[in-house]
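Tertiary structure, described
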Amino acid sequence: MTSSSAGTHPAPATLGQLRASGHESRGVAAELRANLLSRLRSGEDAFPGIVGLEDTVVPELESALLAGHDLVLLGERGQGKTRIMRTLVTLLDEWSPEVAGCEIHDDPYAPVCVRCRTLLAELGDDLPVAWRHRDDRYTEKLATPDTSVGDLIGDVDPVKVAQGRTLGDPETVHYGLVPRANRGLFGLNELPDLAERIQVALFNVLEERDIQVRGYSLRLPLDVVLVATANPEDYTNRGRIITPLKDRFGAEIRTHYLSEVSDEVSLLRQEAEVVAEVGDHLLEVLARFVHLLRESSSVDQRSGVSARFAIAAAEGVAASALRRAARTGEAGDSGAVARVCDLAPVLPTLLGKIEFEMGEEGRERAVLDHLLRLAVAATFRERLSGLDLSGFTSVFAEGAVVETGELVPAGDVLSQLGTVPGLAKVLDRLGYGDSASRGQVAAAVEFVLEGLHLTRRIEKETVDGRTVYGAA
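Here is what the cut-offs are and how they apply
Residues numbered from 1 in each chain as written. Predicted model: local features only at pLDDT ≥ 70, side-chain atom pairs only at ≥ 80, totals over all residues. Heavy atoms only, no water. Core = buried A, V, L, I, M, F, W, Y, C linked by side-chain atoms within 4.5 Å. Buried < 20%, exposed > 50% of the residue type's maximum accessible area, 1.4 Å probe, protein only. Helix = DSSP H or I, 4+ residues; strand = E, 2+ residues; numbered from the N terminus. Contact = heavy atoms within 4.5 Å. Domains from an automatic or database assignment. Buried area = accessible area lost by both parts, 1.4 Å probe. Salt bridge = Lys/Arg side-chain N within 4 Å of Asp/Glu carboxyl O. Pairing = 2+ DSSP bridges. Axes fitted to C-alpha atoms, helices over the stretch in contact; angles between N-to-C directions.

As annotated in an unreviewed UniProt entry, the chain carries the name Magnesium chelatase subunit I and comes from Microlunatus sagamiharensis.

Moving on, we come to the nonpolar core. In terms of nonpolar packing, the biggest core is built from 69 residues, with Phe289, Leu293, Leu343, Phe392 and Val426 touching the most fellow members. Broken down by element, this core gets its largest block of residues, nine residues, from helix α15 (residues 307-328). Discounting residues that sit within four places of it in the chain, Phe392 has contacts with Leu417, Val420, Leu423, Val426, Val448, Leu449 and Leu452. Of all hydrophobic cores here, the second largest spans 42 residues; its members include Val72, Trp95, Trp131 and Ala181.

Moving on, we come to the domain arrangement of the chain. Structurally, the chain comprises domain 1 (15-254) and domain 2 (261-470). Here domain 1 and domain 2 have C-alpha centroids that lie 45 Å from each other. Each partner contributes residues to the interface: domain 1 has eight residues there, and domain 2 has 14 residues. Interface of domain 1 and domain 2: buried area, both sides summed, is about 900 Å²; carbon and sulfur atoms make up 42% of it. Summed over the shared surface of domain 1 and domain 2, the result is one salt bridge.

Pairing within the open sheet is parallel, and its five strands lie in the order β4-β7-β8-β1-β9. This sheet does not close on itself; its edge strands, each paired only once, are β4 (138-142) and β9 (251-254). Recorded for the sheet is a direction-independent mean angle of 20 degrees between the axes of neighbouring strands. Note: strand β1 (residues 71-74) against β9, four bridges, orientation parallel. By the bridge assignment for β9, Leu74 is matched with Arg254. Docked against the sheet, helix α3 (residues 57-66) engages β1 and β9, running at close to 165 degrees with respect to β9.

Have a look at this one:
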């Protein structure tokens, strides 16, 4: 029984009303399985927002969930592991009933904590029921070396003891994050960072579905699906997943970086929060740039090149365009359009996101500059191959020069170049069309000029942050 709006929930407020409504209780694993099957049968996207993993990671993930398994997502940084983990919450029922006021969100039909069992015995069908939205049924913890058993499982609550309860009373227990995630999903990021003795505390949760707290005679059969993430590099650098714990996870799923440039562009469009317009051709440059970094022998591939690198680059490029618009007064915030000249200025801010091989010390910026040029050239060839660009080269053959740069307004770029035959076809290839703004036209022109330079048809000279294109 669900509601179509996150702002409303089903009406039953007592256990008796819940029974009368026909609601049937089911475990979290069964809930995920049923809702996933429903999406698969309808052709709906089971994992919205997951790009480029449809034929590799997603089928394995679907099988693990249908099997009711806890799982580990294993892969290098920036491969979408946390995003996948958080997406699973969309497979839960929108609303779920629980005993009102219960710390561990007990099922009204079968409560497990002492408090709720006592209330059920006293109140029967008058047991109060509350409704919990699926967004509240996901709990996430970043594993750190200082994480304690008390944080995850629970500990004695000194306040309850001070109120007069005895240490042997199960109600003196302060529940940790795992039991508080009962009847939901628990996500554990960077599992190898947990100390080995803390990992042991998860044995019973994964195998027996119960918890033990400081020797209490306390058994809570939890209904929780646990999803963890890990980076292979962590096994040697910071820790490891101990073998008995690995054995208790039902599935280990390897993630990977996106293999297609088009998928990388789609991811950038989805994730980057840009403050100015960034054309698809520039996003394609960044996507190719990232792929080249992932293939480069100068970069430590064990550490990987995160998708966050490209996302930060796209946001930086947009910020550079917005800065130019503000400094030159050429357009308002809505009119700022990124150009090729906005690519290089963001490179210094990205150096900290990459681990280079030892032999490249001192050459890091040169490596990035070189690979960026290769990315621009490859995108130029891919986007504009077959077009007649002689109209551009002929302008320079007659002695013209065009000065551009991160603080040169679009109007200045266009006025220096004048009318160029073939520009309309370039705009069409880059997706701007006939109604392109002045900023978009300047972005297209500068892309062509840089491409012609990289293919050695015109010269380029950079002085004091300004770039001058001229005849070869």
